[in-house]
Amino acid sequence: MNTRVLVLYYSSWGHVETMAEAVAAGARSVPGVEVDLRRVPELVPEAVARGSGYKLDQRAPIADPEELAHYDAIVFGTPTRFGNMAAQMRNFLDRTGGLWARGALIGKVGSVFAVTGTQHGGQETTLTSFHTTLLHHGMVIVGLPYSFEGLTRMDEITGGTPYGATALAGGDGARQVSDNEMAGARFQGAHVAQVAQALARGRADSTSRPGVAQATA
């Protein structure tokens with residue numbers, strides 16, 4: 001069976017959407033992996049969103065919380081709001097109580113990427129605070145390892161952390177995702193897919209051997 005990866009994001013002005021598409025492309029580059037791209041619902045009234053210049057023509061379908069249980073790995077993307085995830089993403093996660101009650105996400109891979117307005121706009125706190133929710137669901141956290149050499153670049157202003165790929169949008173949102181930031185997103189997508197595949201194989205191997213104790217998953 002193919003490994004299934006979901007890239008689930010919220011994007012106001014399109015930067016997170018761009019990163020999400022790069023993450024999905026990275027995951028799809030791994031043979032035997034199926035990838036779906038979904039977004040969480042907007043909470044801002046349409047008139048306010050249009051007045052604020054929100055990108056309203058995003059192509060990804062709206063996700064339902066119950067869908068998450070059908071995937072081997074979920075990569076979440078969010079802009080930052082005061083060093084934390086956006087309210088739209090928080091609202092969606094707060095609707096996953098039924099999944100938590102059933103242990104539906106235990107043992108699945110969870111990963112996060114983010115976009116901030118500035119270099120010091122809370123990239124790392126957004127990612128690590130997001131991880132707390134995934135740990136409560138029993139997920140296996142995967143970040144962006146230093147085997148992605150773009151994390152160590154010093155010749156340009158760029159996002160990128162070991163906790164997950166990031167990008168910088170600028171205070172006015174005019175800066176677009178850079179080549180290095182896109183490369184980090186693709187690397188993270190591929191890395192998550194590979195880890196999810198390895199875990200799936202391990203579970204399949206263990207269930208095929210009689211007498212092997214199974215963890216709850």
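Owing to the predicted nature of the structure, the values given are computational and were not obtained by experimental measurement.

A.B. asks: I'm lost on the UniProt feature "domain: Flavodoxin-like" (unreviewed entry) in the protein chain in this one. Help?
C.D. replies: Taken from the UniProt record, the annotation "domain: Flavodoxin-like" (unreviewed entry) applies to residues 5-192. Helix makes up 32% of residues 5-192 and strand 19%, and the two end C-alpha atoms of the span are 8 Å apart.

A.B. asks: Can you walk me through the pattern of salt bridges in this structure?
C.D. replies: Side-chain pairs of opposite charge can arise whenever the charged atoms involved come near each other. Counted according to the given criterion, the structure contains twelve salt bridges. Between D57 and K55 there is a salt bridge whose closest N-O contact spans 3.0 Å. Of the charged contacts, one joins R90 and D94 as a salt bridge, the two residues approaching to 3.1 Å between their closest N and O atoms. D94 sits in the exposed class, given a relative accessible area of 55%. Among the ionic contacts, a cluster of salt bridges with common partners joins R4, E34 and D36.

A.B. asks: Would you explain the packing of helix α1 (residues 15-28) against helix α6 (residues 179-207) in this entry?
C.D. replies: Two numbers describe a pair of packed helices, the interaxial angle and the distance between the axes. Remark: α1 packs on α6, axes separated minimally by 6 Å, with the N-to-C direction vectors making an angle of 45°. On the basis of the axis angle, α1 is oblique to α6. As for how α1 packs across α6, the hand of that crossing is right-handed. Facing T18, M19, A22, V23, G26 and A27 of α1, the residues of α6 in contact are E181, M182, A185, R186, G189, A190 and A193. Its residues assigned to classes, the contact of α1 with α6 shows eight nonpolar, three polar and two charged.

A.B. asks: Looking at this structure, how should I read the pairing of strand β3 (residues 73-81)?
C.D. replies: In regular strands, side chains alternate between the two faces of the sheet. Burial runs high along β3: eight of the nine residues are buried. Of the strand pairs in this sheet, strand β1 (residues 3-9) and β3 are connected by five bridges, and their pairing is parallel. Along β3, the bridge assignment pairs V5 with A73. Pairing of β3 with strand β5 (residues 109-116) involves seven bridges; the strand directions are parallel. Its bridge partner being in β5, A73 is matched across the sheet by V109. Bridge count for β3 against strand β4 (residues 84-85) is two bridges, and the pairing is antiparallel. Note that in β4 the partner of T80 across the bridge is M85. The hairpin turn running from β3 into β4, its antiparallel successor, is two residues long, and F82 in that turn takes a positive phi close to 55°.

A.B. asks: Please explain α6 as it appears in this structure.
C.D. replies: Think of an α-helix as turning once every 3.6 residues; residues three or four places apart then point the same way. In a regular helix each residue adds 1.5 Å, so 29 residues correspond to 42 Å; α6 covers 42 Å between its end C-alpha atoms and thus fits that length. Listed in full, the buried residues belonging to α6 are N180, E181, G184, A185, Q188, G189, A190, V192, A193, A196, Q197 and S206.

A.B. asks: What is the right way to look at the UniProt feature "binding site: FMN" (unreviewed entry) in the protein chain in this model?
C.D. replies: Listed under "binding site: FMN" (unreviewed entry) in the UniProt record, and renumbered for this structure, are S11, S12, W13, G14, H15, V16, T80, R81, F82 and H136. For the annotated residues, spread through 126 residues, the largest C-alpha to C-alpha distance comes to 29.8 Å, inconsistent with a single compact locus. With respect to the helices, strands and loops of the structure, S12 is situated in the loop between β1 and α1. Along the chain, H15 falls in helix α1.

A.B. asks: Even after reading the chapter, I still don't get the side chain of T96, so can you show me in this structure?
C.D. replies: Relative to the helices and strands, T96 is located in the loop between α3 (87-93) and α4 (97-102). The contacts of T96, once residues within four sequence positions are left out, are P65, L68 and H137.

A.B. asks: In this structure, what is going on with the nonpolar core? I would like to understand it.
C.D. replies: Nonpolar side chains in soluble globular proteins tend to be buried together. Core analysis: the biggest nonpolar cluster contains 33 residues, and V5, V7, Y9, M19, V35, L37 and F113 have the highest contact counts within it. Every element with two or more residues in this core is listed here: β1, α1, β2 (33-39), β3, β5 and α6. The element best represented in this core is α1, accounting for seven residues. When residues no more than four places from it in sequence are discounted, the contact partners of V7 are A20, V23, A24, V35, D36, L37, R38, V75 and F113. Residues L6, Y10, V40 and Y54 belong to the second largest nonpolar core, which totals 25 residues.

Conventions adopted
- Residues numbered from 1 in each chain as written.
- Predicted model: local features only at pLDDT ≥ 70, side-chain atom pairs only at ≥ 80, totals over all residues.
- Heavy atoms only, no water.
- UniProt positions renumbered as here; feature names shortened; annotations may be inferred.
- Helix = DSSP H or I, 4+ residues; strand = E, 2+ residues; numbered from the N terminus.
- Salt bridge = Lys/Arg side-chain N within 4 Å of Asp/Glu carboxyl O.
- Buried < 20%, exposed > 50% of the residue type's maximum accessible area, 1.4 Å probe, protein only.
- Axes fitted to C-alpha atoms, helices over the stretch in contact; angles between N-to-C directions.
- Parallel < 35°, antiparallel > 145°, perpendicular 65-115°, else oblique.
- Left-handed = near helix turned anticlockwise from the far one by under 90°.
- Contact = heavy atoms within 4.5 Å.
- Nonpolar A, V, L, I, M, F, W, Y, C, P; charged D, E, K, R; others polar.
- Pairing = 2+ DSSP bridges.
- Expected span 1.5 Å × (residues − 1).
- Core = buried A, V, L, I, M, F, W, Y, C linked by side-chain atoms within 4.5 Å.

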